[in-house]
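# Per-entry structural report
One-letter residues, chain by chain:
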Amino acid sequence: MAEQQVDAVVIGAGPGGYHAAIRLAQLGKRVVCVDRDAVGGVCLNWGCIPTKALLHVSEVARHARHAAEIGLEIPQVNVKVEGVRKFTTDVVTSNVKGVETLFKGNNVQWAIGEGSFVDKSTVKVTKKDGSSETYKAKDVIIATGAAPVDVKAWPRDGKLIINSDDAVRLPSVPKRLLVIGGGVIGLEFATVYNRMGSEVLVVEMMPNLLTGTDLEIAKTMARVLKKQKIEIMVNTKVETLEKGAKTVKATITGEGTANKPETREFDQVLVAVGRRPMSDGLNLESAGLKTDEKGFLNVDAQRRTAVAGIWAIGDITGGPLLAHKAMKEGVVAAEAIAGLPGVAYDPVAVPNCVYTDPEIATVGLSEEEAKAAGHELRIGKFPLLASGRARTMNESDGLIKLIGDKKTDVLLGMHIIAPQAESLIGEGVIALEMGATIDDIGLSIHPHPTLTESIHDAAEAAHGTAIHIINPKPTAAAAAR
Amino acid sequence: MAEVYEMPELAESVVEGEVLRWIKKEGERVERDEPFVEIMTEKVTVEVPAPHAGTLIKTLAAEGQVLPVGAPLAVFGEPGEDVEAALKSFVPHHGHGHGAPAAPAAPAEPAAPGLTPPPVQAVPVPPNVPTSLPSNGTTSTPQRVQREGRPLAAPAVRQYAREKGVDLALVAGSGPSGRIRRTDVDQFVSDRRGEAHPAEAAAASGALWRGPSDRLEPLKGLRRVIAQRMPQSKRTAAHTYNVDEADMTALVELRKRLKPMAQEQGVKLTYLPFIIKAAVAALKKFPYVNASIDDATHEIIVRSDYNISVAVDTEHGLTVPVIHNADARSVLDLAREVTRLAEAARANRLTPADVQHGTFTISNSGSVGGLFTLPVINLPEVAILGVHPIKQRAVVREGAVVAREMTYFSLSYDHRLVDGALAVRFLSELIRLLETPDFLLIAG
């Protein structure tokens, strides 16, 4: 059994892990990065990247279907499952290759196999063929991420009952799809399959979609999705799933069924009820480490765990389970290991994107959170209906909402429903990190004609001085400024 | 329901506290009023009592960490309760409103999965502390604004502050809306360090020489406070000095006569109560020595109280408890109070009330030795009296050399308010009263 001494081992080659490994190598450390599959983790292989490829495909399909509205004749849109799958696979492969190239270029060693602790500074990697190798290192970073939560009563079979890992490989386009869970993952797949031609029902237990999101945003989105013929039931539960040969009968009850149990038949059921931290097989006890009752590892601002020399980053540390958070944590941990001064994970806010149609992107506080925190609010809103640029794109659904503190005008949150909201939100992130006021945004020139202009409009609306909408009390508000 | 306990304002105008020691550890039960943490402020060290019975489910600061008043310090409740939820719903209600978490050391992130960032709050803070404006031509007054319990500062400034070891919660921001700029951090560092003393500058840059067998100790607790406050006083006050000699023969005899009577009442009678008595009488005659300068408002505060601070040497360093209303106390009463405060100081049991509102300080090195010292003024007071050993010395009386019980008194005074002639007159008056202690009966 080979044993090798290195400076650092990173367990997990997802976005957090590969960021940590590459930064460690850049800082002159000998580093080995371990993953049971390919590099890239959930993000590249199963999550962010392939879903976005699917979303792109389905978006093109939607545009094609609506082409007649803008004077283009496209006779028919047919989805070729094999072709779509090839496209997503190619996208994934080239992204994975990209990370592999970065590993090579930075001299990051990688090992494919199951990583587990022998002791706090020894990691054993067991390969598929049963052979193993061990690595000794002063520092070990745990970056093993999270996995979909399975519901015991409805075990995943990959055919009738599927989770996000299956859905992203698009086995087929079901005629009728039931999505259990109106969170980010549920809504993204609802959007994909709806645009590919499925009839989609989303069932959510909570009173609103996207729990925790600004209520007005969540409700606005629900309306938009319904307009797209996605059926949505909130305050509603799936009681039972009964598998037949080719279909599943679901009994549903709640607000969506007028509180009477209703049984409906689906060709496929996607269970998207959440994700859980993944430390299975890591053998944390040998390292003297324990997760909390929810399975997360507690870490400090530099991402140290309770055991000296062991660090943890990404989904396993809790907080929002997002790739970009993990990436930042990976860099922070790597730099802390290298002894760089002043390193810390201390974002003001972590942006969050939902790839529905149109997309949602938010950063900072929701209206409800800001109120609960005791703020007197200054809110500026701008409907996309009034955006010239949106009109040129044949889009009208969307809302920009800025939330600030009335006394100081300091921005507290930015919430966007708009095409490319995920790109627009960058402005909000910088504004929050810099401690910008709403006025700072309103006083900055935004390019025309763009969607970012609408952020500018919303900022002006907050002060009652927006040009492109009728302000409630223009004179009083303008005077107050 | 888990409840967040915030850093208390342990003494008036105290803005921060250092966690010296967790008396109770996470998970331990506490009874109501049972001390659970030892906090040191620049004025006093206090064992903080638990607000009610329960379990200390979370401590939010490491020992040695300094938190602003109002920052969450600990969470009480029952085991298993949701700490994050309690912190999320925490709204600082402390008077100063310095409020709000200065991002607890660890863990910095809510442990629960979710997609929403923690709640944000902006707590504007009255600019009661910043004393100097950054020099680089900005128009806004430095202020402390917080959002999400954190100061407003750009990521690069936060990084810079961490590199410099600066807690941004203590820094006033001169940028728009109170945003903290890089220059504010520099200003804070130089304020704290005391402008570019070469050795200190070297220490700050890490260049201070260390021998291989030198012992390194953390600069913390009372020592850290003294190390901050002494140079601050030297920078602020225009220190000037006056030393005079005094013939204490009569007082020595008086004390000898009174000592047994005091003893009968259980009081150990030293010279200090007489000196306090004389100091109060002299202060009444020269009110500007019993005064303060308020730089912020450009006012002179002439005190109507005579609260005499007495420097006490403890194993942790010098501390200065206050004898309140010294003008209304008898010699015996003063002696009792001196003893009580000295014992409390040495046992680390001074209360916040014991250390506030001093108007004039007496520093007594009489029992230690030396000819005389020139003590540092105890801000915001404007003068401090140095008291020294009484020794028989040869002096000339009516043409003959005789042995008398002699001592020296020194007065360090702030020339911004106290001019030289006033200082000399004040000290002469004090000595006149002590040389003929009968006057103490009719003085004042």
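Bear in mind that the values here come from a model prediction, so they are computed numbers and not experimental data.

### Let's talk about the overall build of chain B
Counting its regular elements, chain B contains ten helices and 21 strands. Out of the 444 residues in chain B, the part that is buried amounts to 48%. Here the analysis covers contacts within chain B between residues at least 6 apart in sequence; of these, 64% occur between residues at least 24 apart. Per element, the accessible surface of chain B, about 20,900 Å² overall, is 54% carbon and sulfur.

### With respect to the overall build of chain A
The helix and strand inventory of chain A stands at 15 helices and 24 strands. Taken as a whole, chain A presents about 20,600 Å² of accessible surface, with 55% of it coming from carbon and sulfur.

### Structural notes on unusual backbone geometry
Leave glycine aside and you will find that most residues have negative phi; peptide bonds, for their part, are mostly trans. Going from Asp357(A) to Pro358(A), the amide bond is cis rather than trans, its omega being 0 degrees. Relative to the helices and strands, Pro358(A) resides in the loop between β20 (352-354) and β21 (359-364). Note the cis peptide between Leu379(B) and Pro380(B), where omega equals 5 degrees. For Pro380(B), the location among the structural elements is in the loop between β18 (360-364) and β19 (383-387). At Asp33(B), a residue that is not glycine, the phi angle is positive and equals roughly 70 degrees. Of note, Asp33(B) is situated in the loop between β3 (29-30) and β4 (35-40).

### Digging into helix α7 (residues 272-285) of chain B
All names here are of chain B. Between the first and last C-alpha of α7 there are 20 Å, a value that for 14 residues agrees with the 20 Å anticipated at 1.5 Å per step. Counting buried residues along α7, eleven of its 14 residues qualify, which places the element largely inside the surrounding structure. Among the residues making up α7, those that are buried are Leu272, Pro273, Phe274, Ile275, Ile276, Ala278, Ala279, Val280, Ala281, Ala282 and Leu283.

### Re a nonpolar patch on the surface
A surface patch of nonpolar side chains, about 400 Å² in accessible area, is lined by Tyr241(B), Val243(B), Leu371(B), Phe372(B) and Leu374(B). Here Leu371(B) falls in the partly exposed class, since its relative accessible area comes to 48%.

### A closer look at the nonpolar core
For soluble globular proteins, the rule of thumb is that nonpolar side chains tend to be buried together. Ranked by internal contacts, the top residues of the largest apolar core, which has 77 residues, are Phe36(B), Ile276(B), Phe360(B), Ile362(B), Leu385(B), Phe409(B) and Leu430(B). Setting aside anything within four residues of it in sequence, one finds Leu430(B) in contact with Ile275(B), Ala278(B), Ala279(B), Ala282(B), Leu385(B) and Phe409(B). Residues Val84(A), Val200(A), Ile232(A) and Ala436(A) belong to the second largest nonpolar core, which totals 65 residues.

### Considering the pairing of strand β21 (residues 400-414) of chain B
All names here are of chain B. Relative to β21, strand β11 (residues 239-247) is paired through nine bridges, and the arrangement is antiparallel. Bridge pairing links threonine 240 to tyrosine 413 in β21. Summarising the sheet, β19 and β21 pair through five bridges and their orientation is antiparallel. In the strand pairing of β21, glycine 386 is matched with serine 410. Two elements, strand β20 (residues 391-397) and β21, share seven bridges in a ladder whose sense is antiparallel. Within β21, the position partnered with glutamine 392 by the bridge is glutamate 405. Between β20 and the antiparallel strand that follows it, β21, lie two residues; glutamate 398 among them carries a positive phi value of about 50 degrees.

### Looking at the sheet that holds strand β16 (residues 262-266) of chain A
All names here are of chain A. Strand order in the open sheet formed by three strands is β14-β15-β16, with antiparallel pairing between adjacent strands. With partners counted over all chains shown, the strands left at the sheet margins are β14 (236-243) and β16, one partner each. Here the average twist between neighbouring strands, direction ignored, is 30 degrees. Bridge count for β14 against strand β15 (residues 248-254) is seven bridges, and the pairing is antiparallel. Bridged to lysine 243 within β15 is valine 248.

### Concerning the environment of Val84(A)
Residue and element names in this part refer to chain A. With respect to the secondary-structure elements, valine 84 resides in helix α4 (residues 81-105). By relative accessible area, valine 84 is classed as buried at 7%. For the pair valine 84 and alanine 53, spaced 31 residues apart in sequence, the C-alpha separation works out to 8.8 Å. Apart from residues lying up to four places away in sequence, valine 84 is in contact with Leu54, Val57, Val79, Leu170 and Met196.

### Describing the confidence of the model for chain B
All names here are of chain B. Looking at chain B as a whole, the pLDDT averages 81, with 83% of positions reaching at least 70. The low-confidence segment residues 94-140 (pLDDT under 50) makes 146 contacts with residues lying over four places distant or belonging to another chain. Predicted complex metrics record ipTM = 0.75 and pTM = 0.60.

### Notes on the sheet that holds strand β1 (residues 2-5) of chain A
Residue and element names in this part refer to chain A. If you trace the four strands from one edge of the open sheet to the other, you get β1-β7-β6-β5, paired in mixed fashion. Edge strands, defined here as strands with exactly one partner in the open sheet, are β1 and β5 (114-119). Neighbour-to-neighbour, the strand axes of this sheet turn through a mean angle of 25 degrees, independent of strand direction. Here β5 runs beside strand β6 (residues 122-126); their pairing, made up of five bridges, is antiparallel. Paired with aspartate 119 across the strands is threonine 122, a residue of β6.

### Things to note about the packing of helix α3 (residues 48-65) of chain A against α4(A)
Residue and element names in this part refer to chain A. The contact between α3 and α4 brings their axes to 9 Å, and the two run at 140 degrees. Here α3 is positioned oblique relative to α4, judged by the angle of their axes. Seen from above, α3 lies across α4 with right-handed handedness. Residues Ile49, Pro50, Ala53, Leu54, His56 and Val57 of α3 lie in contact with α4, whose contacting residues are Val84, Phe87, Thr88, Val91, Val92 and Asn95. Tallied by class, the residues present in the contact of α3 with α4 amount to nine nonpolar, three polar and no charged.

### Quick word on the pattern of salt bridges
All names here are of chain A. All told, the structure shown has 50 salt bridges over all chains when counted by the stated rule. Residues aspartate 157 and lysine 243 are paired through a salt bridge, measuring 2.6 Å at the closest nitrogen-oxygen approach. Of this pair, aspartate 157 sits in the loop between β9 (146-148) and β10 (161-162) while lysine 243 sits in strand β14, placing them 86 residues apart in sequence. Overall, the relative accessible area of 29% leaves aspartate 157 in the partly exposed class. Relative accessible area serves as the criterion here: at 45%, lysine 243 is assigned to the partly exposed category. We note a salt bridge from glutamate 216 to lysine 401, for which the minimum N-O separation is 2.7 Å. With glutamate 216 in helix α7 (residues 215-227) and lysine 401 in strand β23 (residues 399-405), this residue pair connects regions lying 185 residues apart in the sequence. Exposure remark for glutamate 216: the relative accessible area of 24% places this residue in the partly exposed category.

### Examining the packing of aromatic side chains
Residues and elements named next belong to chain B. Evaluated as defined, the whole model comprises nine aromatic pairs over all chains. Their ring planes at 80 degrees and their centres at 5.0 Å tell us that phenylalanine 36 and phenylalanine 76 sit as a pair that is edge-to-face. Remark: phenylalanine 76 occurs in strand β8 (residues 72-77) and phenylalanine 36 occurs in strand β4; sequence separation between them is 40 residues. Aromatic ring contacts, followed pair by pair, group Tyr5, Trp22, Phe36 and Phe76 into a single cluster. Residue placement shows arginine 182 over the ring face of tyrosine 160; its charged tip is 3.8 Å from the ring centre. Of note, arginine 432 hangs over the ring of phenylalanine 439, and the distance from its end group to the ring centre comes to 4.7 Å.

### Regarding helix α6 (residues 249-264) of chain B
Residue and element names in this part refer to chain B. Compared with the 22 Å implied by 1.5 Å per residue over 16 residues, the 24 Å span of α6 between its first and last C-alpha is a close match. Along α6, the sharpest kink reaches roughly 35 degrees, centred on leucine 258 and followed within four residues by the proline proline 260. Every buried residue of α6 is listed here: Thr249, Leu251, Val252, Leu254, Arg255 and Ala262. Looking one or two residues beyond α6, the residue adopting positive phi is glycine 266, at roughly 80 degrees.

What counts as what
Residues numbered from 1 in each chain as written. Chains lettered and ligands numbered in written order. Predicted model: local features only at pLDDT ≥ 70, side-chain atom pairs only at ≥ 80, totals over all residues. Heavy atoms only, no water. Helix = DSSP H or I, 4+ residues; strand = E, 2+ residues; numbered from the N terminus. Buried < 20%, exposed > 50% of the residue type's maximum accessible area, 1.4 Å probe, protein only. Contact = heavy atoms within 4.5 Å. Areas by Shrake-Rupley, 256 points an atom, 1.4 Å probe, with all protein chains shown as cover. Expected span 1.5 Å × (residues − 1). Patch = residues over 30% accessible without salt bridge, like charges linked within 9 Å, V, L, I, M, F, W, Y side chains within 5 Å. Salt bridge = Lys/Arg side-chain N within 4 Å of Asp/Glu carboxyl O. Core = buried A, V, L, I, M, F, W, Y, C linked by side-chain atoms within 4.5 Å. Pairing = 2+ DSSP bridges. Axes fitted to C-alpha atoms, helices over the stretch in contact; angles between N-to-C directions. pLDDT = per-residue confidence, 0-100. Parallel < 35°, antiparallel > 145°, perpendicular 65-115°, else oblique. Left-handed = near helix turned anticlockwise from the far one by under 90°. Nonpolar A, V, L, I, M, F, W, Y, C, P; charged D, E, K, R; others polar. Phe/Tyr/Trp six-rings, centres within 6.5 Å; stacked < 30°, edge-to-face > 60°. Lys NZ or Arg CZ within 6 Å of the ring centre and 35° of its normal. Bend = angle between axes of the 7 residues up to and from the residue.

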